[in-house]
Structure formats: structure tokens, C-alpha cells
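Residue-level structural notes
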Amino acid sequence: MTKVYPNVSPAPLPKPSNGCSKPADDSSPMVLTVWRKSLLFNCDGFTVFDADGNLVYRVDNYMSGNKGEIFLMDASGTSLLTIRRKKLSLTDSWLVFDGETADNPRFVVTKNVVNLLRSKRLLAHVTSPRKNTAGYEVEGSYSRRCCAVYDEKRRRVAEIKQKEASVKGVAFGSDIFRLVVQPGFDATVAMAIVILLDQMFGSSTSTRRRLLTN
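All residue numbers refer to positions counted from 1 along the written sequence of the respective chain. With the structure being a predicted model, the display of local features is reserved for residues of pLDDT at least 70 and the display and counting of side-chain atom pairs for 80 or more, all residues being used for whole-chain, interface and lining totals. Side-chain numbers come from the whole structure's heavy atoms, not from hydrogens or water.

Turning our eyes to something else, we now look at the confidence of the model for the protein. Residue-level confidence of the predictor is what pLDDT reports, using numbers from 0 through 100. Averaged over every residue, the pLDDT of the protein is 80; the share at 70 or more is 72%. When checking whether two residues touch, look at their non-hydrogen atoms; a contact exists if any pair is within 4.5 Å. Here residues 1–6 scores under 50 on pLDDT; set against residues more than four positions off or in separate chains, the count is twelve contacts. Note that residues 14–25 has pLDDT below 50 and, in this model, 31 contacts with residues that lie over four places away or in other chains.

Here it is as C-alpha cells:
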């Protein structure tokens, strides 16, 4: 059987900047394997590994815990970003904060309202109240694990793709997929967008409890 997580050990994270992007460099794209499952018993969440099989990110949401917040953590359990649903909003919007802070959100993700003047492929808008911070749009199909994040110049900065098995005849389900992050874009932000796409467009059967309630 193909191993989903070869090594459960910490991997170094790219240092984030003050906005949605990190400084550009000449490195290759970062390819992460996202598993829509917590490694902890009785939890919902995500477990994310790098190309070497090292644990990079985790989301562990206890059933008895506070479901009004989602914490994106590193491998050691340190909160990198906190996701909170925007209250009293006419649209489906979420605020994303650095660490476990509750003010000065880093960025806002809003679900796109489909109409005749907008593309049905447009899933969400990513904006920031901070100065000199770029905005992004997410397009594609999250249910098919085929979507991308574009910057203001229509450059593809991150992608969600289906994961191909290394063993012929073995197929991964939709709960295991790839997150490809281009140089110059913060992988932590890309993973936060994945979490929110799952909130907005993930299935809602009884066996898949929501991480964030109304």
C-alpha cells in the first residue's frame, strides 16, 4: 500500500512576510501532499507533508473544542494562522489572523456569488486590509481538486491538483491531493486558502463534520 506520510517529523517552513506573499526567489515550486485527516484520534483536520515526507502543517479540531476557530499549525503545534468566520456579513467571508491574534487580520477570503456577469469558475476572492498587500482570486473546482490561485497580474501562484499514486493501479481519493506553491507565494497562506475552500465547497455528509460552524 502506498504510504501517505513517510515521515512524521518537522520540516522547515518558508518565512512569511507581512502580507500575503513572501520575498521572491529562484527556487523550484514547493509541492505539498495534503491529507484531509488529522493524525490525532477523534479530530477533524488536515495533515500536510513536503516532498520528502516530512510533516509541515497540521489542523486538529477536537469535537469537544471551540469550533468557531480553526488553527493552522506547524509540525510542532505552534499556531501560524487563525481562521475565524466574519460575523454579521451578507456574504460568506472569513478573517485570517497571524498566530492566535484577534485584531488586524492578515487577509479576508470571501466566497464568490455566482451571477450571469461572473465566471462560474471563480470560487473566492482573497483581499487584505493591510497597505501594499496584493489581492488574489481562486478559480476552478475544489470538489475535483483542480483549482488555482491567481494574483492581480493573472499569474498562477498556487494550485490544487489530484495526487497521482506512484504504484500503478493504486488511486488516491479526494481526501489526498497536492498543493503546488510557486516561488514568491507564502505556502502558509496557500494552505489557509485550502482550508477555506474546504469550508465553502467541501462535502457535508454526516461522516465529515464541519470545522467551522455558523
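Moving on, there is more to tell.
A separate point is helix α1 (residues 187–201). Helix and strand labels come from DSSP, where a helix needs a run of H or I of at least four residues and a strand needs a run of E of at least two; each type is numbered from the N terminus. Here a helix's expected span is defined as the number of its residues, less one, multiplied by 1.5 Å. Taking 1.5 Å of rise per residue, the 15 residues of α1 would be expected to cover 21 Å, and the 21 Å separating its terminal C-alpha atoms lies within 8% of that figure. The buried label applies to any residue whose accessible area, calculated with a 1.4 Å probe on protein chains only, is under 20% of its type's maximum; exposed applies above 50%, and partly exposed to all values in between. Counted residue by residue, α1 has 14 buried out of 15 residues, so it is predominantly covered. In this structure D186 caps α1, since a side-chain oxygen of it lies 2.9 Å from the backbone nitrogen of T188. N or O atoms closer than or at 3.5 Å make up a polar contact, with two conditions inside protein: a donor-capable atom paired with an acceptor-capable one, and, for residues adjacent in sequence, both atoms drawn from side chains.

Our next topic: the pattern of salt bridges. Put simply, a salt bridge is a Lys or Arg side-chain nitrogen that is within 4 Å of an Asp or Glu carboxyl oxygen. The final tally for this structure, using the stated rule, is eleven salt bridges. Two residues, E69 and R84, come together in a salt bridge whose shortest N-O distance is 2.7 Å. Of this pair, E69 sits in strand β4 (residues 69–74) while R84 sits in strand β5 (residues 79–85); the two residues are 15 residues apart in sequence, bridging distant segments of the chain. R84 matches E69 in its accessibility class, with the two residues each being buried. Measuring nitrogen to oxygen at the nearest pair gives 2.7 Å for the salt bridge that ties D151 to R155. For D151, a relative accessible area of 11% translates into the label buried.

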